[in-house]
Amino acid sequence: MQTAEISSPAIAQVAALLDGLADAAVIVDTELRVLAWNAAYAHAVGVRPRRLLGLARQDDTHCNDLFRLGICSSACLAKRTMSSRRAFRVDEIRGSSPLGSAEDSTLIVTAVPITENGETLAVLEVYRDVTAEARIQERYKGLLERERQRAATLEEEVKLRTADLERSLRELRQTRAQLIQSEKLSSLGQLVAGIAHEINNPINFIYGNLDFLDTYVGTFQQIIEKYDACTLQQKDATKIGTLKADLDYEYIRADTSKLLHSIRNGAERASKIIQDLRRFIHSGVTDRGPVDVRACIDTTLSLLSHETRKGTTIDKNYGTDVPTIMANEGQLNQVFMNLIANAVQALDGNGTVSISASRRENGVAIGVADNGPGIPEAHLLKVFDPFFTTKPVGKGTGLGLSISYSIVNAHGGSLTAESTVGQGSTFTVWLPIGDNQTSTAEDR
Ligand SMILES: Nc1ncnc2c1ncn2[C@@H]1O[C@H](COP(=O)(O)OP(=O)(O)OP(=O)(O)O)[C@@H](O)[C@H]1O
Ligand SMILES: [Mg+2]
């Protein structure tokens, strides 16, 4: 402990304790003149103890002349302590080498009033150098921040990678489903080709001979009518009358034309199924040309106008950048016809069919969505299978979607279905532009 002359016993008592402190400590009077200090303080201010004693004896040497900190001028701790008569502690005062170090330091400064008879006579100030701890803390914070940033980057990378993987998985699943469907259709195609060929001939016999049968039956009826107009002998007339009654002649005569009519209907329906089957088998694209799918959809809509008039709303949303594609227009008409007809039939005159066409990747995406009853998941797996139908006999053959699928597949595109029961279904066709054709329909 070094001191100037101290008259107050209270100050002397505190001054006697200073050398026991490892931290720099100083006692200043109410005028901020240094009264006592320890070796650590002398070392910190960089003044030899003897010279410090000399300085302290001069009335004009104040503590802030020896140890200048940032707060000395802005909020002198000793003054605050004296006026408030309570202790203060200030952390992290950064100044240039206040404690003799060449670099910036971090200090914890504590100021305690020394009082006697209720009067503050002096202030004890203790300076603890926590530069090393602060630096470690700073470094630790930096490390933590770097670690946090690395974790965030890693998390972002994982998210991107997961999204990538999910997309690949989706695409893989879709490709697999398409492959299975194509395989199914091609083996079924061979079977169906044989059946269609075998059935086609007998159907042609029935259909081709119906006209003759119709004419012949008409001829027989004419002859019978002529006979009926002849006057027969009583005996013969009775015999023929009895025979007619026994054979139910009047009923047969009336029913014959109805029978012929329903045979014709049945044969027509069978022949239509054969035609559909043949279309299904021969859905490879033979004749391609530039097609504007929007015009193609509009043609289909006008053909279906009698169906759509019954309270179904058609909502069209075509992009302006829809490219012209190379395709077989007739076959595409058939695809759109079936998708839109299915949607209209599902709505049963109550709902909206939303049709969209837009550029997607190197092609066109066409969406046909309805807010109808939707398709149960178990059915969704089968809708592209030939002959899968939920429509009553005579209403649907179940070939529409399988033909559409084969056509789109032959064009190098894809046809997918999504549906939520109670909310509706969306069928999406994607067709590639094909053959260096990149102009939009507007360019033509
Ligand atoms: N938009 C839709 N909403 C609800 N169910 C649908 C829809 N589209 C297709 N389906 C279901 O898929 C089945 C198969 O459709 P697909 O077009 O192949 O045959 P279809 O319409 O029944 O008969 P076809 O088209 O040969 O006249 C339909 O019977 C129906 O159950
Ligand atoms: Mg259909």
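Worth saying up front: this structure is predicted, and the values here are computed from it rather than measured.

1. Remarks on the overall build of the protein chain
A count of helical and extended segments in the protein chain gives 14 helices and 13 strands. Over its C-alpha trace the protein chain gives a radius of gyration of 51 Å, far above what one expects of a compact globule, namely 22 Å for 444 residues. Structurally, the protein chain occupies a C-alpha span of about 175 × 50 × 40 Å along its principal axes. Evaluated residue by residue, the protein chain yields a buried proportion of 37% over its 444 residues. The contacts of the protein chain with a sequence gap of at least 6 include a subset with a gap of at least 24, amounting to 65%. Accessible surface for the protein chain amounts to roughly 26,800 Å². Of this, 53% is attributable to carbon and sulfur atoms. Where the 48 positive side-chain charges of the protein chain centre and where its 55 negative ones centre are 1 Å apart.

2. Here we look at the coordination of the magnesium ion (ligand 2)
A metal bound by six donors in octahedral fashion has ideal angles of 90 or 180 degrees, whereas one bound by four tetrahedral donors has an ideal angle of 109.5 degrees. Around the magnesium ion (ligand 2), the donor atoms from the protein are Asn338 (OD1) and Asn342 (OD1), and they sit 2.2 to 2.5 Å away. Residue Asn338 and its partner Asn342 are both found in helix H12 (residues 329-347); the two are separated by four residues, about one turn of the helix. The burial state of Asn338 is the same as that of Asn342; both residues are buried.

3. Structural notes on the side chain of Ser414
Among the secondary structure elements, Ser414 is positioned in strand E12 (residues 414-420). Sequence-distant contacts of Ser414, defined by excluding residues within four places in its chain, comprise Gln178, Val408, Thr428, Val429 and Trp430.

4. Things to note about empty space enclosed by the protein
Using the criterion set out here, one finds one cavity of 30 Å³ or more in the structure. Looking at the largest cavity, its volume works out to about 110 Å³. In terms of lining residues, the largest cavity is bounded by Cys63, Asn64, Phe67, Leu69, Ile71, Cys72, Cys76, Leu77, Val109, Glu125 and Tyr127. When contributions to the lining of the largest cavity are tallied by element, the ones reaching two or more residues are helix H4 (63-66), helix H5 (70-74) and strand E6 (119-129). Counted by class, the lining of the largest cavity contains nine nonpolar, one polar and one charged residues.

Thresholds, definitions, all that
Residues numbered from 1 in each chain as written. Chains lettered and ligands numbered in written order. Predicted model: local features only at pLDDT ≥ 70, side-chain atom pairs only at ≥ 80, totals over all residues. Heavy atoms only, no water. Helix = DSSP H or I, 4+ residues; strand = E, 2+ residues; numbered from the N terminus. Rg over C-alpha atoms; globule rule 2.2 N^0.38 Å. Buried < 20%, exposed > 50% of the residue type's maximum accessible area, 1.4 Å probe, protein only. Contact = heavy atoms within 4.5 Å. Areas by Shrake-Rupley, 256 points an atom, 1.4 Å probe, with all protein chains shown as cover. Lys, Arg positive; Asp, Glu negative; His and termini not counted. Charge placed at Lys NZ, Arg CZ, Asp CG, Glu CD. Donors = N, O, S within 2.8 Å, 3.2 Å for Na, K, Ca; no water. 1 Å grid on protein atoms, 1.4 Å probe; cavity = no way out; pocket = protein on both sides within 12 Å on 5 of 7 lines; lining within 4 Å. Points joined across faces, edges and corners; volume = space filled by probe spheres on them. Nonpolar A, V, L, I, M, F, W, Y, C, P; charged D, E, K, R; others polar.

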